[in-house]
Every structure is written in structure tokens, then in C-alpha cells.
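# Observations on the three-dimensional arrangement
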Amino acid sequence: MLRVLIIDDEPIIRKDLEALVSRHKDIVVIGACGTIKEALVLIPATNPDLILLDIQLSDGTSFDLLKLLPAINFNIIFITAYNEYAIKAIKYGALDYLLKPIDEDELNEALNKIRSLPPPKEHFSESLEVTNNYLQTNSEKRNKIVLRSQQYLQIVAFDEILYCHSDKGYTTFFLTNNRKVLVSKYIKEYEDLLPAHVFLRPHQSYLVNFNFIDRFHKDGYLILHSGAEIPVSTRRKDHVIAFLTGEEIPRSTE
Amino acid sequence: MSSCLNVTSLLLCLALLFSCGKGREKHPVDKSAEADSLLGFLKQGVNNAFNKEPVSNAKHMLDSIEPLVYENGSPVLIANYIRFQGTYFVNIDELDSAKQYINKALNYSRKFDTTLKQVYASKLMLANVYKREKKLDSALSYAREAYIFSKRYDTAAYAITCLRLAEIYTAIGDIEMNGKYLLEGFRNASNPRLKRVLANNISRYYDNINQPDSALIFFQENVLPDTSKFGPGNYGDIIQNYGVLLQKQGNVNKAIEMYGRALGHYKEHNADDASMALLYFNIADAYKGEHNYAQSNNYIDSSLKYSALSGFTDEKSNALKTKAGNLFALQDYRQAYLLLDSSYGVFEEEVDSSFIIKARELETKYEVKAKDDEIRNLNASNASVRKISALQRTLLFVLVIIVLLLVAFAVLLYRRRGLKEKLKQTELEQRLLRSQMEPHFIFNTLSTLQSLIRNEEKEQSIKYLNRFARLLRLNLENSREPFVLLAREVEALSNYLSLQSMRFNTIFTYTLKVYEGYEEDDIYIPPMLIQPFVENAIQYGLQDLNEMGSLSVIIEKTNGTLLCIIEDNGHGFKEGKISSGKQSLSTAIIQERLELLSRKTGRKATLTITDKKDTGKGTGVIVSLIVPYTTGSQ
């Protein structure tokens, strides 16, 4: 039985979410509230497995709430109507989130993910830490991202990533020390998340860390220090050359 | 012919002597006494060492007292000390080093010597060095400065300065001026040695201008009456010189007598070999004039003997020639020829070397002249360059001022333009902010609508959707204008309140009261001034209350302004909120818009927010806005 807590400042939405979640036989809603004040009482009292957590609460944000808790020993699905900044932070931590108005299919998918593969608690805390780090620091200090593979959460520093390769909605991260991580997300998402002045997209299917590029071969591929060869598409060749020679100031990540 | 051999170094020492010993009253007694004893050491010990080989002894003495001198700190002492260092280098003929020290002394004196005596002592010394370097222009100008000063203020240095000037004029070739300053110096000299030197120089001067009578008279009147004035031990020199003058006058007997006295004095005082050689030659010459050739030859031999001892050969060829002449007279022709031969040889040697020396002197003279010219040209061009650069500086100064003024002007203009730009910019920003209904609000509203539908509350859903559509339309229309009709703004507000009360129906109720007849009123206000406060009240004030929240909005018309009061019974802004950043941001934006409005309408727009707790009337917040409005005709 998955014990769920709903935290949203709007009574109608709380009621709606409760109705939606209750359709799952293996899930039970053990409580609902709308403020941080209430949540700080309710969470320790009910000890839930999962919280559906609206980011904007009447007396603060959900991140404020999480900071006030002594330990995070539950899963979270964040919910937000509109908050680009928070969503980006959540993505860095590879956490789950839903957008309002809530699509039932998306909710079910998120619930399924948690049901089948609840991420280890300690890793989840680390994910939250990466997200919080994103929210609290400026761009220079953000240097980590969480990759969520089928089996585990992997915290990776930007300078550990040699390059990414995408294939049919999956992205493989090639890391230093010959490690690899397969993530079920499109490469575009990581192009948006990773700093644009370090990561170069020479090809539809590749995202390369500039610091590991050894040279550019005229025949149209990049050679990394590791010896790996990354194709450069004809369309992006000029862009790649400009990037490598430092002529093009890449767009900012922010 | 003169008996003064080591004149230069002697005079240098005299110069130093004269500049010593002034201006010590200011020091405490012991310091002053110490300075005196050190000065005495310089004058006596070091000065004497300069006249003895090796001169380096003097240098060692100087170096050994250096710490004492600087520790004592007497400016007079230090200036003298530095000049003594210079004197050492003059003595070893390193004139550049000498100048360095003298200049150091000069600079030092300029700083610390209020009497200026040390300054001019340094200048006089510099003049001497320049003279030795054959830079006569510089020498003369320094010496003249010193002369003018010493004549007026420093009588002790007056005579020596005259002597210097006279020497420089000699070097220049102006014999008349030479004589003038020698006589002037002589009259004012009190130091015996200096007086003797001057006297000798004066007699030589008369000799040079072919007035041996005058020389004789000068001697008889000024020197002979009291030879002790010229220092003990110098009697021989004086009397010899007098003899030379007498001999020239043809008074050989008297001359020989004087030579005899001189010889006696020389022997008594162990005079040096060169002086002896010269005196013996003079005696021989006198005897030759008396046709006493044998006697003359005897003295010649003595002279030659002393010449050989002293290594001083100036008179050797003359002596040999004189001896040869004597032998001719004695009819010893063979010996005479032999002597003439060797005399000729010596003469050739002398002439040769003197030729070379003369040629060298000439050469250096021309070099020096060329250098002087060069320096003069340089000075001239420097002066013109200075003039030009002064002009340039003035021009630059004027230019800088003009540029500064221009910059200031530009900054002012820029600021004014910047202000205008900023006003425009803010207005644009405001419009942009207004035009965007907050996305968060939109999606939340849609989310609520979805929940209503999912909950199958059909009537509610339709009503909700209608309100939302109307609000959306009003928002799109209003936000395009800087001013909107009050009626429209009230309609938007009413729709917003209605939507929010449906969303939070269990949380709060509201009232909206606008003055009678506002629908017909042709009144315009900036859009979205009131709604943010309503939003804040619902979002932060009324959530999570123990009782039912209530919100009231009242709009009243006064003279040219609208008074809007938004009141709630919520937490107040001091309690219950962890995050209020957004709230204060929206307040700040409204504040800014109101300022803009004040500026535009010329009427004050104000915003006051009161926490009811502060006034003791329950809880909640009262926001009161005074908004100047415009009418349709405006």
C-alpha cells in the first residue's frame, strides 16, 4: 500500500487530486493540507510514502517546507501551475513533477514510476540537494546534475561528462573512467540544462563537453582526448568551428 | 718667476678655511664645541695632509671622521666636510668627482645654511674646478656670484674670492681685470699666506704689464714694511721676489743682497730643493749681470745640483745656457760649446715637451670652447623649448578645461535624456507587466475549472468559465492603455473577486462597494492598481484562518482623486508568512507606478498600508490608495 499525502493550498484541487489518486487500488490518501504550518505537523504524524506537493503554498514554497523538515524519508511528486525556474531546478535533481491542470495519464505514469522503482532514500536526498543548490546559488556554482537511469540515481559533475549520445528518446552519458549512464530522456532536455558555454551540440544526436575535445577533423568529426570520435553535421559545422575558435559567444543557460 | 709652487692646493685650503666656523650659536654648547674641534681638525690636520704625499692620507683622515661629523649635525661642519671631500678629488685631479662633492655641499648648504656663506663657499670652489677644467664661462659666473656676495656679507671670504676672480681673468687673458682684483684682494686680505700669494701675484702682474717700477713701489710700500704680515717662514720667498724686481730694475747689487738674505732664510728654514734651485739660478743670473762669471758659474752649479735633486728641470736649459755664456765670457770656448750643446739638447727636450703640452692645451682649449658653445646652444635651445612647452602647457590646460566643461555638459544632457528614457522605459515595463496576466493565475484557474468539471459541477463550471473569459478579455483590452475607464476597471476587479471566491469558496467572502453612479462617470485611472492588493489579501492574508475570511473593497470619489480602500480580516502582514518577497515586489511596482502617476497628473498619488494590529482594531490589513484620475476630455 502506497500512503500518499496531498499538499496544495486550493481546496478544490486537493479534493480533485484525492479523487484521482484514490482510483488506484494500492494507494491510500492519508491526509491533505494547504500550508507549510499544517504540513510540518502532518508529515511527521502520518509518515507518508509519497507526497503530492504543490510548489506554491500560501505561506511559502514547498522548498521552504522541505528545508524545515529534519529528514526526507518519502518520495515527492512536485506539482506546479507555472514556475519555470522551479521546474528547471527540479530537472537538475531528476525529480518528478506534474503540471496543472493535471493530466490524469501523466499522474498515473508518475505514480507507476514510484510504485515500480522507488529511488533509494539517500539518493533522493542528494537529488533534492542538487535541486536546492540550483535554487540557491548562482550559475557559476552549479556544477552537478542528477541522472536517473532505470536502476539508480547518479549525481554527476559537469566536468565528468565527456559527451552524450541520444537514441530514440534515450540519452547515454559517457563519463570519465569509462562509465556510462543511460537515461530515458531526450538529449534536448540536457542541452537546456547543461551550461551552453561548456557543452556543444555538433550533431543532432550528440552533446559534447568542450573541455574534452582534442581536435576537429576536417572530414567532419571531433576527436576527444579519449580518442572517441563525434560526428559533426554539415549544418552545424560552422557553428562548431566558431565555438571552438571562441568566435561565437554561446547563448547563456539562463 | 715665482716661488709659489703648490699654489692651487694651498688656495683651496684657504678657501675652505675661510668658510669655516660660522653659525654655531644655535647648537648646545657641547655640540657646538664638538663642531669647533672637528672644524679645527679639518683646517689643521686634514689641510696639512693635503700638502703632503701621499694625499690619500688626507682622504683616510676625512673618512675616519665622517660618522662624527654627521652625528654632530652642525650644518656648517657638514658643508665644510663635504667640500673637503671635494678638495681631495681636486688634489688628485679627479675633477668630476670633485664637482659631485661640491655640488652635494652646495645642495646641502642651500637647504640648511641660512647665512648663505656655505652656499657661496661651494660656488667659489666650483668656480675653481671649472677654471681647472678650462670652462671659463662657468668659472667666471660662479666666481662673480661669490664675489658679489662676499663683498657685501662675508668679509672673511672677500680676499680669496678676489684672488679667484683674478686667476680666472688671467686664464681668460684679461690682465687688467686680473690686476684690479689682485689689488682689491690684497687690500682686504688678512690671512698672511693669502696676503703673500696676492702680493706675489701682484708683482707678477706689474711685470706682465711691463711696469717693474710699479711692482717695486708696490713691494716697498705694501710688503716690505712688515713682512711678518705674510706669515712666518715666508720671508725668504718675499725677499727673493723683491730681489728679482730689483734685478729687473738694474739694481743688481741690491738684488744680490736680497738673494743673500733669502738664501740665509731658506737655509735656516730648510727650504725645498726646487726653491733652492730657483734662488741659486737667480743669484747666478745676477752675478752674470755683474759680469762676475766665475761666481755665476758656481751658483749655476749649485742650482743645477738642486734642480737634479728636486727633479724640477724648468730652469735647467736656462741655467746651462747662462753657464755657457759665462764660460764664453771666461773664454773657455770648448767647455762653452759643450754646454751649449747639452743646453740645446735640454732646451729641445723642454721645447718639445712644452710644445706637446701647449698643443694639447690648445686642443683641449678648443674642445672646451666647442663644448662651451655646444652647451650655450643647448641652453639657448632649452630656453626656447621651455618657452614653447610653457605655451603648450597653457594651451593644454585650456584644452583640458574645455574638455572637462564639455564632458560635464554632456553628462548633464545624458542624465536628462537618461531620466526621460527611464521614464519611458518604466512605462513600457509597466505596460508589459499589466499585459501579462500572471501565468500562474491562468493555469491555476484552469486547474480549478478542470477539478470542477471532473467533479461534475456543471453550473459552477460554466459560471467559472464565463467569469474567466470576461476577465481575460478585460485584461487584454485594459492592459493596452495607460488609462482605462473606471467602470471597466471595476468590472475586471469584480470578475477577479468572483473567480477567486469560487476557487476559495470555503475560505472567504467579499464585498465590492463603488460610489453611486460610477458606471456613468467619465473617469480614467491606470489599470491594475487595485487588483494586486486584492490578490495579496487572498493569497496571503485570508488563507488558513480559523474564522471565515472577509474582504472589502471600497472606491470613493473625492476632489479629483479616487480613494480606494482594501481591507481584510486576515493575518496581517506581520504574521504567518514565510515568503513575502513577491508581495513586497508587487507593492514596490505599484509604488513606482503611483509616482509616475503623480508626475503625470501633478497630483499626489499615495499608498498607505496599515496593519490593523498596530491600530488596535482586530487583525488584518488596510490598504488605502489615493489615485488621481483624469477625465475623458483630458
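The rules behind these values
Residues numbered from 1 in each chain as written. Chains lettered and ligands numbered in written order. Predicted model: local features only at pLDDT ≥ 70, side-chain atom pairs only at ≥ 80, totals over all residues. Heavy atoms only, no water. Helix = DSSP H or I, 4+ residues; strand = E, 2+ residues; numbered from the N terminus. Buried < 20%, exposed > 50% of the residue type's maximum accessible area, 1.4 Å probe, protein only. Contact = heavy atoms within 4.5 Å. Areas by Shrake-Rupley, 256 points an atom, 1.4 Å probe, with all protein chains shown as cover. Core = buried A, V, L, I, M, F, W, Y, C linked by side-chain atoms within 4.5 Å. Patch = residues over 30% accessible without salt bridge, like charges linked within 9 Å, V, L, I, M, F, W, Y side chains within 5 Å. Salt bridge = Lys/Arg side-chain N within 4 Å of Asp/Glu carboxyl O. Lys, Arg positive; Asp, Glu negative; His and termini not counted. Charge placed at Lys NZ, Arg CZ, Asp CG, Glu CD. Expected span 1.5 Å × (residues − 1). Buried area = accessible area lost by both parts, 1.4 Å probe. Polar contact = N/O pair within 3.5 Å; in protein donor to acceptor, adjacent residues only side chain to side chain. Phe/Tyr/Trp six-rings, centres within 6.5 Å; stacked < 30°, edge-to-face > 60°. Lys NZ or Arg CZ within 6 Å of the ring centre and 35° of its normal. Pairing = 2+ DSSP bridges.

## Points about the overall build of chain A
- A count of helices and strands for chain A gives 8 helices and 17 strands.
- Looking at chain A residue by residue over its 254 residues, the buried ones come to 54%.
- Sequence separation of 24 or more characterises 56% of the internal contacts of chain A that already satisfy a separation of 6 or more.
- In the structure as shown, chain A presents an accessible area of about 12,100 Å², 49% of it carried by carbon and sulfur atoms.

## Focus: the nonpolar core
Residues and elements named next belong to chain B.
- Formed by 95 residues in total, the largest nonpolar core has its most connected members in Leu42, Phe50, Leu62, Phe218 and Ile283.
- Those residues in contact with Phe218 that lie beyond four places of it in its chain are Leu183, Phe186, Ala199, Ile202, Tyr206 and Val223.
- In terms of nonpolar packing, the next biggest core, distinct from the first, is built from 48 residues, Ala487, Ala492, Met502 and Val621 among them.

## What about a negative patch on the surface?
- A surface patch of like charges, here negative, comprises Asp103, Asp105, Glu106 and Glu109 of chain A.
- Note that Glu106 of chain A resides in helix α5 (residues 104–116).

## Re helix α7 (residues 136–153) of chain B
- The first and last C-alpha atoms of α7 of chain B sit 25 Å apart over 18 residues, in line with the 26 Å expected at 1.5 Å per residue.
- Of the residues making up α7 of chain B, those classed as buried are Leu136, Ala139, Ala143, Ala146, Tyr147, Phe149 and Ser150 of chain B.

## Some remarks on the interface of chain A and chain B
- The interface of chain A with chain B comprises 24 residues on the first partner and 26 residues on the second.
- Carbon and sulfur atoms make up 56% of the area that chain A and chain B hide from each other, which totals about 2,200 Å².
- Broken down residue by residue, the surface that chain A buries against chain B is led by Glu10, Ile12 and Tyr82 of chain A, which jointly contribute 24%.
- Our count for the contact surface shared by chain A and chain B stands at 2 salt bridges.
- Across the pair Asp16 of chain A and Arg454 of chain B runs a salt bridge, and its minimum N-O distance is 2.9 Å.
- Inspection of the region where chain A meets chain B yields 6 residue pairs in polar contact (both at pLDDT 80 or more).
- Counting residues per element, the ones that place at least two in the side of chain A that touches chain B are α1 (11–22), α2 (36–46) and α3 (62–68) of chain A.

## Structural notes on the packing of aromatic side chains
- The full count for this structure, using the stated rule, is 22 aromatic pairs over all chains.
- Look at Tyr82 of chain A and Phe443 of chain B: their rings are 5.7 Å apart centre to centre, the planes differ by 10 degrees, and that puts the pair in the stacked class. In this pair, Tyr82 of chain A is assigned in the loop between β6 (75–80) and α4 (84–92) and Phe443 of chain B in helix α18 (residues 439–454), connecting two distinct chains.
- Accessibility expressed as a relative area gives 28% for Phe443 of chain B, which makes it partly exposed.
- The rings of Tyr85, Tyr92, Tyr134 and Phe158 of chain A are connected pair by pair, giving a single aromatic cluster.
- Against the face of Tyr181 of chain B rests Lys180 of chain B, its NZ or CZ located 4.1 Å from the ring centre.

## What about the pairing of strand β7 (residues 621–628) of chain B?
Residues and elements named next belong to chain B.
- Of all 8 residues making up β7, 6 are buried, and the element is well covered by its neighbours.
- Bridge count for strand β5 (residues 561–568) against β7 is 7 bridges, and the pairing is antiparallel. Directly across from Thr561, in β7, lies its bridge partner Pro628.
- With 6 bridges connecting them, strand β6 (residues 606–611) and β7 associate as antiparallel partners. Each bridged residue has a counterpart across the sheet, and for Thr610 the counterpart in β7 is Ile622.

## Describing the pattern of salt bridges
All names here are of chain B.
- This model, assessed by the stated rule, comprises 25 salt bridges over all chains.
- Residue Asp93 is joined to Arg132 by a salt bridge in which the shortest nitrogen-to-oxygen separation is 2.8 Å. Of the two residues, Asp93 sits in the loop between α4 (75–91) and α5 (95–112) while Arg132 sits in helix α6 (residues 117–132), which places them 39 residues apart along the sequence.
- The partner of Lys180 in a salt bridge is Glu184, with the nearest N and O atoms 3.9 Å apart. Pair noted here: Lys180 and Glu184 are both in helix α9 (residues 175–188), with a separation of 4 residues, about one helical turn.
- The exposure class assigned to Lys180 is partly exposed, which follows from its relative accessible area of 40%.
- With a relative accessible area of 8%, Glu184 lands in the buried category.

## Brief notes about unusual backbone geometry
Residue and element names in this part refer to chain A.
- With an omega dihedral of -5 degrees, the bond running from Lys100 to Pro101 counts as a cis peptide bond.
- If you trace the backbone, Pro101 turns up in the loop between β7 (96–99) and α5.
- One non-glycine residue, Asn177, lies in the positive phi region at around 60 degrees.
- We classify Asn177 as exposed; its relative accessible area is 69%.

## Structural notes on the side chain of Arg593 of chain B
- As for its placement among the helices and strands, Arg593 of chain B is situated in helix α22 (residues 581–601).
- In this structure the side chain of Arg593 of chain B is engaged in a polar contact, spanning 3.2 Å, whose partner is the backbone oxygen of Met528 of chain B.

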